[in-house]
Amino acid sequence: MKPLSEQCSEHPKKSAEEMQSEETRNAPGNGVTVSTEPTRENPAQQNGVVSSHDGISPVSQTQTELQPPSSAPAPPAQPPRDQWGGKYEFLLSCIGYCVGLGNVWRFPYLCYRNGGGVFLIPYFIMLFFTGMPLFLMELSLGQYGAAGPITVWKCCPLLKGIGIGMLCVSILVCLYYNVIIAWTFYYLGSSFQSPLPWSCDALHNIPFCRNRTNVTQSPSEVFWNEKVLGVVYSKGLHDPGPVRWPLALCLLAAWVVIFLCMLKGIRSSGKVVYVTATFPYFVLVVLIIRGATLEGSLNGIAFYLTPNWALLANAQVWNDAASQIFYSLGIGVGGLLSMASYNKFDNNVIRDTLIITMGNCGTSFFSGFAIFSILGHMAWKKGVPVGQVADSGPGLAFVAYPEALALLPGSVFWSILFFLMLFMLGVDTLFGNMEGICTAVLDEFPQLRSNLKHKTLFLALLCFAFYLMGLLLITDGGIYWFTLIDSFSTSFGLIIITLFMCIGISFFYGVNQFCQDIVDMICHCPPWCTKLLSYFKACWVVFTPFLLTFILTYIFIEMYRTSLHYGAYVYPTWGKALGVCMGAFCCLQILIWAIVAVSKESGTLRDRFQKSIRPLNSWRVNNINTTSQDQHVEPQRVEGPFTVNLTEADFTSMNWEAISEA
């Protein structure tokens, strides 16, 4: 691969005005527009002219007949696409999207369960060979195509089903993710009570705290299971029971917040992330400082980081590392692709990938100190090992950690701070998922984008539909449905979607062409970008597909060997089958829409396949947002009454005066 500086000189970017001038030149009834500087682009048919990397091919027809002006109306112009107000809005939005609840309630637990500090070795290996390459692929695809997860596959129509599958996964994630925010709202409101309703100081919890020998549940567990979830009143998946109306109001409030923040698209959510993406870091710093002053905190930190080298030979450790990297970065859901589609065309995606992925992983490691320092204090106060109080998932966020905070002086303040942090983390992640859905629909139906009233109505109906579907998850047995969707929505289906995205871009679209597209976007990148791009190219072709196949194989083996359960409740066979159907429905979209794409073409099966993997003409023509203004040369217009004979000199960099003098 040539240095970026040389490739940039060979492939100057076209501005939107130059694109428009070409369309004007070929439009009937207009004169012939000839640019004074040749434009060289990637190989693609554009308005009937085929260009290549070696330069513009001479016009096959040297005579262009000028037709009389046509009275036919011009096609309606596409509504303008929004762009981020600044590069920090995009970075903060992506960091907020990636740094979610899993960084706080899952990574620390996985770290201590899989060998402490040793877990960081497979964790960072999976980051460099799976997380970063896929992250860069999704950002680059969205930014270059300036389109959402469905429309962007005009680069390879055969793979349109990948975008549909991403949309299905994103719908399932949004369905249950806002329920977590509803729980957070409930706890946040309860945190304004003194004493906290899940602490031993509350009068109704005195029986649980005085006689600990005969009590199997702590006050925080009773509050979670009885007051919040109501799971004790349900027999299982088949018995959801009535809706818990306090949670229904919290869920409604959560969707109203999402609606208001996304009302103006990235113009509104891009401003909100300045608060929601930075506030959790402030809280984590405060919690670490407070935890470091507590008795027993060092025992918790030691429990978190003590290495167990023997576990490196365990396949489960490597699978946990890969899955944590994969899910915490939000790859394959469409959120990253949609947010990148609002970038400027020349944004440096390689730099953004390094910043966001390293920031995400650093936050996961950093949050472990905040969690285990306070859990260590709780274990010291109870006189039990740290392992007995450690937990993951909702059990950590809504049982173990609130109980630990209740033991601190000023527990009301610490509880409010903690649940505000959880709210910010959840809202940021939901922004990305909702943006993926909205962008996909608005790109398919661009008339919604140009009409603010229709766009607002669509967003309102979408949020209301999610609210109605989410009511099932806040019934007495809603936690069983929550666990089912959570377990299978981002399971094997998402891995298959991402695997096909990696293989499709590498082998159908072409990994060399994809790398060249990235070069066209980041011409001003330092020389180290070239070396990194070569590394990412090797990952896309070899390492990443291999590791994704490993993860997928392990998921299928574990799915066959183990049963799904929540606490002591084991899911029935039909429940597990329902979850498998959810995951299969998402990834089957790839096959369905591939068949549709092939059937639309003509010729033999081989011809149809080759045509269906060929980029559409609009892939590079209509989707460049902006370029450097200094590369734009104003075209000259030559009016001819009948015909204009174009010679080869007309396509050189010579100006008209030099030609006339010659």
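Please refer to the structure placed before this passage.
Computed from a predicted structure; not experimentally measured.

Visitor: Which residues make up unusual backbone geometry, and what values go with them?
Guide: Put simply, Ser 194 and Pro 195 share a cis peptide bond, and its omega is 0 degrees. With respect to the helices and strands, Pro 195 occurs in the loop between helix H7 (160-190) and helix H8 (206-210). One non-glycine residue, Ala 146, lies in positive phi territory at about 50 degrees. If you trace the backbone, Ala 146 turns up in the loop between helix H6 (120-145) and H7.

Visitor: Describe the side chain of Asn 114, listing the residues and the values that go with them.
Guide: Along the polypeptide, Asn 114 turns up in the loop between helix H5 (107-113) and H6. Using a relative accessible area of 4% as the deciding quantity, one classes Asn 114 as buried. For Asn 114, the side chain forms a polar contact with the main-chain oxygen of Leu 110, separated by 3.0 Å. Side chain to side chain, Asn 114 and Asp 320 meet in a polar contact 3.1 Å long. If near-sequence neighbours (up to four positions away) are discounted, Asn 114 is found in contact with Phe 119, Leu 311, Val 317 and Asp 320.

Visitor: An account of the packing of aromatic side chains is needed here, citing residue identities and associated values.
Guide: Evaluated as defined, the whole model comprises 53 aromatic pairs. Where Phe 185 meets Phe 423, the ring centres are 5.0 Å apart and the plane angle is 40 degrees; that geometry is what we call tilted. Here Phe 185, found in helix H7, pairs with Phe 423, found in helix H18 (residues 411-444); they are 238 residues apart in sequence, far enough to count as distant.

Visitor: Any chance you could break down the nonpolar core for me, citing the residues and the numbers?
Guide: Residues Trp 183, Trp 255, Met 434 and Trp 540 are the most contacted members of the largest nonpolar core, which totals 198 residues. With 20 residues, H7 is the single largest residue contributor to this core. Excluding residues that lie within four positions of it along the chain, Trp 183 makes contacts with Trp 224, Val 228, Leu 229, Leu 247, Pro 394, Phe 398, Ile 479 and Phe 482.

Visitor: Break down the packing of helix H3 (residues 87-98) against helix H16 (residues 349-382) for me, citing the residues and quoting the values.
Guide: Their axes nearest at 9 Å, the elements H3 and H16 cross at an angle of 35 degrees. Taken as a pair, H3 and H16 cross one another with a handedness that is right-handed. In contact with Phe 90, Leu 91, Cys 94, Ile 95 and Cys 98 of H3, H16 contributes Asp 352, Ile 356 and Asn 360. Residue classes in the contact of H3 with H16 are distributed as six nonpolar, one polar and one charged.

Basis of the calculations
- Residues numbered from 1 in each chain as written.
- Predicted model: local features only at pLDDT ≥ 70, side-chain atom pairs only at ≥ 80, totals over all residues.
- Heavy atoms only, no water.
- Helix = DSSP H or I, 4+ residues; strand = E, 2+ residues; numbered from the N terminus.
- Buried < 20%, exposed > 50% of the residue type's maximum accessible area, 1.4 Å probe, protein only.
- Polar contact = N/O pair within 3.5 Å; in protein donor to acceptor, adjacent residues only side chain to side chain.
- Contact = heavy atoms within 4.5 Å.
- Phe/Tyr/Trp six-rings, centres within 6.5 Å; stacked < 30°, edge-to-face > 60°.
- Core = buried A, V, L, I, M, F, W, Y, C linked by side-chain atoms within 4.5 Å.
- Axes fitted to C-alpha atoms, helices over the stretch in contact; angles between N-to-C directions.
- Left-handed = near helix turned anticlockwise from the far one by under 90°.
- Nonpolar A, V, L, I, M, F, W, Y, C, P; charged D, E, K, R; others polar.

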